Amino acid sequence: QVQLVESGGGLVQAGTSLRLSCAASGLAFSTYAMGWFRRAPGKEREFVAVISRNGGARYADSVKSRFTISRDNAKTTVYLQMNSLQLEDTAVYYCAAGIGTFPDRVEFYQRWGQGTQVTVSS
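Residues numbered from 1 in each chain as written. Predicted model: local features only at pLDDT ≥ 70, side-chain atom pairs only at ≥ 80, totals over all residues. Heavy atoms only, no water.

A. Fine view of the side chain of Ser52. If you trace the backbone, Ser52 turns up in the loop between β5 (46–51) and β6 (57–59). We classify Ser52 as buried; its relative accessible area is 5%. (Helix = DSSP H or I, 4+ residues; strand = E, 2+ residues; numbered from the N terminus. Buried < 20%, exposed > 50% of the residue type's maximum accessible area, 1.4 Å probe, protein only.)

B. Main features of the pairing of strand β11 (residues 116–121). What you see with β11 is a clean split: Thr116, Val118 and Val120 sit on the buried side and Gln117, Thr119 and Ser121 on the side with no burial. Of the strand pairs in this sheet, strand β2 (residues 10–13) and β11 are connected by four bridges, and their pairing is parallel. Bridge pairing in β11 places Leu11 opposite Thr119. (Pairing = 2+ DSSP bridges.)

C. Up close: unusual backbone geometry. One non-glycine residue with positive phi stands out, namely Ser65, at about 80°. Examined against the element boundaries, Ser65 turns out to sit in the loop between β6 and β7 (67–72). Overall, the relative accessible area of 75% leaves Ser65 in the exposed class. Of note, the phi angle at Ser84 is positive, near 50°, even though the residue is not glycine. With respect to the secondary-structure elements, Ser84 resides in the loop between β8 (77–82) and β9 (91–98). The class for Ser84 is partly exposed, based on a relative accessible area of 40%.

D. Structural detail: the pattern of salt bridges. If you walk through the whole model with that rule in mind, you get five salt bridges. A salt bridge links Glu46 to Arg38; the nearest nitrogen and oxygen atoms lie 2.6 Å apart. In this structure Arg38 comes out as buried when scored by relative accessible area, which is 5%. Two residues, Asp61 and Lys64, come together in a salt bridge whose shortest N-O distance is 3.1 Å. Since its relative accessible area comes to 66%, Asp61 is described here as exposed. (Salt bridge = Lys/Arg side-chain N within 4 Å of Asp/Glu carboxyl O.)

Set out below in structure tokens:
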């Protein structure tokens, strides 16, 4: 049974940092690109970051230079370090396992976690 379980969300003040984790099980983790998406209230799910099987990364323009995605294949875990958080980063964050090198669209992802809430306050 494939499971992706996100953790690390919470309520933080603008300008601070959070680190999200996504623990994967039941899949050949190292063979998947791993991505982070988010859904803000009233908006569609949007791409945040992706890390390829080989460790290369791509980011949405809105988070570039503030967020860093990484993976630990031995722990089958993907991380999202979020610095300088802004009010606009408030959303439910989802991790997902996908195909391709740097998939940045929902339809390229086969497995999804349940999400973790990140709320940024002023």
